[in-house]
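For reference, the chains in residue letters:
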Amino acid sequence: MVTGVIFDLDGTLLDRNLSLLHFIDAQYDSLFKTYMESKDVFIKRFIELDHRGYVWKDKVYQHLIAEYRLPYTWEELLDDYLNGFPKHALSFPNTIPLLDASRRKVISWV
């Protein structure tokens, strides 16, 4: 009897790539546009340093601060990421219907 289903979020339910792009775009607009001439350059570099999530953001921000002489500490930027990223989290298409159908199926088996 199935009593539950476990999903990994990143790449399964959460579209991490699109979520990160939305967050980086917003972070650039709020913090970096006066210090950097190109949003595209910032986004590309952030994604390169992030290495598909395998490099934690403290290291990403330390590199960005050093490269672009940004007037922030990595702690400030990491805090902005931790507080801001969830606001930009996007699921894959049909995730909600899938979860609703799965929940109904599990409940009907109990």
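Scroll up to find the structure.
Here we summarise the structure given alongside this text.

What counts, and at which threshold
Residues numbered from 1 in each chain as written. Predicted model: local features only at pLDDT ≥ 70, side-chain atom pairs only at ≥ 80, totals over all residues. Heavy atoms only, no water. Phe/Tyr/Trp six-rings, centres within 6.5 Å; stacked < 30°, edge-to-face > 60°. Helix = DSSP H or I, 4+ residues; strand = E, 2+ residues; numbered from the N terminus. Buried < 20%, exposed > 50% of the residue type's maximum accessible area, 1.4 Å probe, protein only. Core = buried A, V, L, I, M, F, W, Y, C linked by side-chain atoms within 4.5 Å. Contact = heavy atoms within 4.5 Å. Salt bridge = Lys/Arg side-chain N within 4 Å of Asp/Glu carboxyl O. Lys, Arg positive; Asp, Glu negative; His and termini not counted. Axes fitted to C-alpha atoms, helices over the stretch in contact; angles between N-to-C directions. Parallel < 35°, antiparallel > 145°, perpendicular 65-115°, else oblique. Left-handed = near helix turned anticlockwise from the far one by under 90°. Nonpolar A, V, L, I, M, F, W, Y, C, P; charged D, E, K, R; others polar.

## Considering the packing of aromatic side chains
Given two aromatic rings, their pairing is described by the distance between the two centres and the angle made by the two planes.
So, step 1. Tallied over the entire structure, the rule returns 10 aromatic pairs.
So, step 2. Taking the centre distance of 5.8 Å and the plane angle of 90° together, the rings of Phe-32 and Tyr-72 count as edge-to-face. Placement of Phe-32 in helix α1 (residues 16-32) and of Tyr-72 in the loop between α3 (57-68) and α4 (74-84) is noted, with a sequence separation of 40 residues between them. Note on accessibility: Phe-32 and Tyr-72 belong to one class, buried.
So, step 3. These aromatic residues form a ring-pair network of at least three members: Tyr-28, Phe-32, Tyr-35, Phe-42, Phe-46, Tyr-61 and Tyr-72.

## What to know about the nonpolar core
So, step 1. Within the largest apolar cluster, 22 residues are counted, with the highest numbers of intra-cluster contacts made by Phe-32, Phe-42, Phe-46 and Leu-64.
So, step 2. Secondary-structure elements contributing two or more residues to this core are α1, α2 (39-50), α3 and α4.
So, step 3. Ranked by residue count, the leading element in this core is α1, at six residues.
So, step 4. Not counting chain neighbours up to four residues away, the residues in contact with Leu-64 comprise Phe-42, Arg-45, Phe-46, Leu-49, Arg-69 and Leu-70.

## Observations regarding the pattern of salt bridges
So, step 1. Counted under the stated rule, the structure contains seven salt bridges.
So, step 2. As a salt-bridge pair, Asp-25 and Lys-39 come within 2.8 Å of each other at their nearest N and O atoms. Here Lys-39 lies in helix α2 and Asp-25 lies in helix α1, a separation of 14 residues in the sequence.
So, step 3. Accessibility expressed as a relative area gives 29% for Asp-25, which makes it partly exposed.

## Topic: the side chain of Asp-58
So, step 1. Note that Asp-58 resides in helix α3.
So, step 2. In this structure, Asp-58 is buried with no salt-bridge partner, the nearest side chain bearing the opposite charge being Lys-59 at 4.4 Å.
So, step 3. Here Asp-58 is in contact with Trp-74 and Leu-78, once residues within four sequence places are set aside.

## Things to note about the environment of Leu-64
So, step 1. By secondary structure assignment, the location of Leu-64 is in helix α3.
So, step 2. Judged by relative accessible area, which is 0%, Leu-64 ranks as buried.
So, step 3. With 15 residues separating them in the primary sequence, Leu-64 and Leu-49 have C-alpha atoms 8.6 Å apart.

## Quick look at the packing of α3 against α4
When two helices pack together, their arrangement is given by the angle between the helix axes and by the axis-to-axis distance.
So, step 1. Relative to each other, α3 and α4 sit at 130°, their axes nearing to 9 Å. When the interaxial angle is binned, α3 and α4 end up oblique. Between α3 and α4 the crossing geometry is right-handed. Residues Lys-57, Asp-58, Tyr-61, Gln-62 and Ile-65 of α3 lie in contact with α4, whose contacting residues are Trp-74, Leu-77, Leu-78 and Tyr-81.
So, step 2. Residue composition of the contact of α3 with α4, grouped by class: six nonpolar, one polar and two charged.

Distances and angles like these do not, on their own, reveal function.
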